[in-house]
Amino acid sequence: QEPESCASANSATRASGLMTLLPSVCAHESDLQAEFLSLPKDSPGIAEQPCGSNLSFVGLKGFERRLEHAVEGVFSRVFKSGVRPIEIGRKLTREMDDHRTVDVRGRTVAPNSFTIAISPDDHDAFVDIADSLARELCDAAREHARDEAYTFLGPVEVELVVDDNQRTGTFSIESRFREGQGGAGAGSLVLPTGERFVLHEQMVSIGRLPECEVTLVDPNVSRRHAEIHPRGTGFVLVDLGSTNGSTVNGVPVHERELRDGDELGFGSIRLTFQAS
């Protein structure tokens, strides 16, 4: 790729470091077909975490505080009675612990798809904040997976559904293992805005052009800067000969397999890769 000028005329008026995420359609993921070996509760090296452990409690309190901040007054009004988010978060993480398994590569795998059944009254109370709650529950599952070194087979999903058999204030959670689209593993990019771009089996282009799946408005980013390719059950970052290069955790790279928590650098913009 030939060297490029620092900025095009139409980008000079836009703030450097701003990210634009083009619309993306998430396809349904296929049900997990592969079989896994059950993980005994007393397996060596896997420590049981009581539901009231300090680590999980602190993480879930943080999850509840973030949700409260997100919905402000609506939160306190809705949750004076009925189902509370902290209760759902605790049960969701217990579902992960109770149904974890070991795959053929020896990785500890946890469920990544959760259906939460609540009463009609509670569902009505959740209407205004359903999207915020689902996002926060997904984040709680990812944080718990990182704490316990769990692996997911695909993106984390949370769905709230109405169950006429549930009484007000009660709920149930059904957990499943679901592969990523096309058999791709779990992976996502956390953008500077805090938004999450979920990776699937398609290649993802990164650059300054609007046609890129992830468009970075930064004069130090090339028009077509880099790509992320699915490989096996993971993802690989490939630099396309960009003028200023790409970095992973501050180290210049041409091609690098991505690991959970890696910081990707393009110009002055930083993205975070999460294997979930």
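A.B. asks: Would you mind showing me how to read the sheet that holds strand β14 (residues 246-248) here?
C.D. replies: Two modes of strand pairing occur in sheets, parallel and antiparallel, and in both the strands are linked by backbone hydrogen bonds. Strand order in this open sheet of six strands is β9-β8-β18-β17-β14-β15, and the pairing throughout is antiparallel. Two strands close off the open sheet at either side, each with one partner strand: β9 (196-198) and β15 (251-253). This sheet shows a mean twist of 30° between the axes of neighbouring strands, independent of strand direction. Two strands pair when backbone bridges link them, and strand β8 (residues 188-190) and β9 are joined in this way by three bridges, in the antiparallel orientation. Across the sheet, the residue bridging to L189 is F197, located in β9.

A.B. asks: Is there a simple way to explain the pattern of salt bridges in this structure?
C.D. replies: A complete count under the given rule lists seven salt bridges for this structure. Among the ionic pairs, E174 bridges to R176, the shortest N-O distance being 3.7 Å. A salt bridge links R270 to E263; its shortest N-O distance comes to 4.0 Å. If you follow the salt bridges from partner to partner, you end up with D139, R142 and R196 in one network.

A.B. asks: What should I look at first to understand the sheet that holds strand β7 (residues 171-176) in this one?
C.D. replies: A sheet is described by the order of its strands in space; here three strands give the open sequence β6-β5-β7, paired in mixed fashion. At either end of the open sheet lies a strand with only one pairing partner, and these are β6 (157-162) and β7. For this sheet the average axis-to-axis angle between neighbouring strands, irrespective of direction, equals 20°. Both strand β5 (residues 113-118) and β6 contribute to a ladder of six bridges, which runs parallel. Among the inter-strand pairings, T115 is bridged to a residue of β6, identified as E159. In the packing of helix α3 (residues 85-98) onto the sheet, contacts are made with β5, β6 and β7, and the angle to β7 comes to roughly 35°.

A.B. asks: Would you mind going over the side chain of S119 with me for this structure?
C.D. replies: Positionally, S119 belongs in the loop between β5 and α4 (120-126). Looking at S119, the relative accessible area reads 1%, which means it is buried. Those residues within four positions of S119 in sequence are excluded, and the remaining contacts are D163, Q166, R167, T168, G169 and T170.

A.B. asks: Sorry, what's going on with the nonpolar core here?
C.D. replies: One broad trend across soluble globular proteins is that nonpolar side chains are buried collectively. In terms of nonpolar packing, the biggest core is built from 24 residues, with I88, L92, M96, F114, I116 and V158 touching the most fellow members. Elements with a contribution of two residues or more to this core: α3, β5, α5 (130-148), β6 and β7. Examining the composition of this core, we find that six residues originate from one element, α5, more than from any other. Among residues more than four places away in sequence, those in contact with F114 are L92, E95, M96, A141, V156, E157, V158, E159, I173, E174 and S175. Core analysis: the second largest hydrophobic core is formed by 21 residues, V204, I228, V248 and I269 among them.

A.B. asks: I'm lost on α5 in this one. Help?
C.D. replies: Helical geometry: 3.6 residues make up each α-helical turn, so side chains three or four residues apart lie on a common side. In a regular helix each residue adds 1.5 Å, so 19 residues correspond to 27 Å; α5 covers 27 Å between its end C-alpha atoms and thus fits that length. Every buried residue belonging to α5 is among S132, L133, A134, E136, L137, C138, A140, A141, R142, H144, A145 and E148, and all of these are buried. Positioned one or two residues after α5, A149 has a phi angle of 60°, which is positive.

A.B. asks: Looking at this structure, how should I read the confidence of the model for the protein?
C.D. replies: Detail in the predicted coordinates should be disregarded across regions flagged by low pLDDT. Taken residue by residue, the protein gives an average pLDDT of 75. The fraction at 70 or more is 69%. Confidence drops under pLDDT 50 across residues 1-58; counting only partners more than four residues distant or on other chains, this segment forms 93 contacts. Throughout residues 70-76 the model reports pLDDT below 50, and contacts reaching past four residues in sequence, or to other chains, amount to eight contacts.

Calculation criteria
Residues numbered from 1 in each chain as written. Predicted model: local features only at pLDDT ≥ 70, side-chain atom pairs only at ≥ 80, totals over all residues. Heavy atoms only, no water. Pairing = 2+ DSSP bridges. Helix = DSSP H or I, 4+ residues; strand = E, 2+ residues; numbered from the N terminus. Axes fitted to C-alpha atoms, helices over the stretch in contact; angles between N-to-C directions. Salt bridge = Lys/Arg side-chain N within 4 Å of Asp/Glu carboxyl O. Contact = heavy atoms within 4.5 Å. Buried < 20%, exposed > 50% of the residue type's maximum accessible area, 1.4 Å probe, protein only. Core = buried A, V, L, I, M, F, W, Y, C linked by side-chain atoms within 4.5 Å. Expected span 1.5 Å × (residues − 1). pLDDT = per-residue confidence, 0-100.

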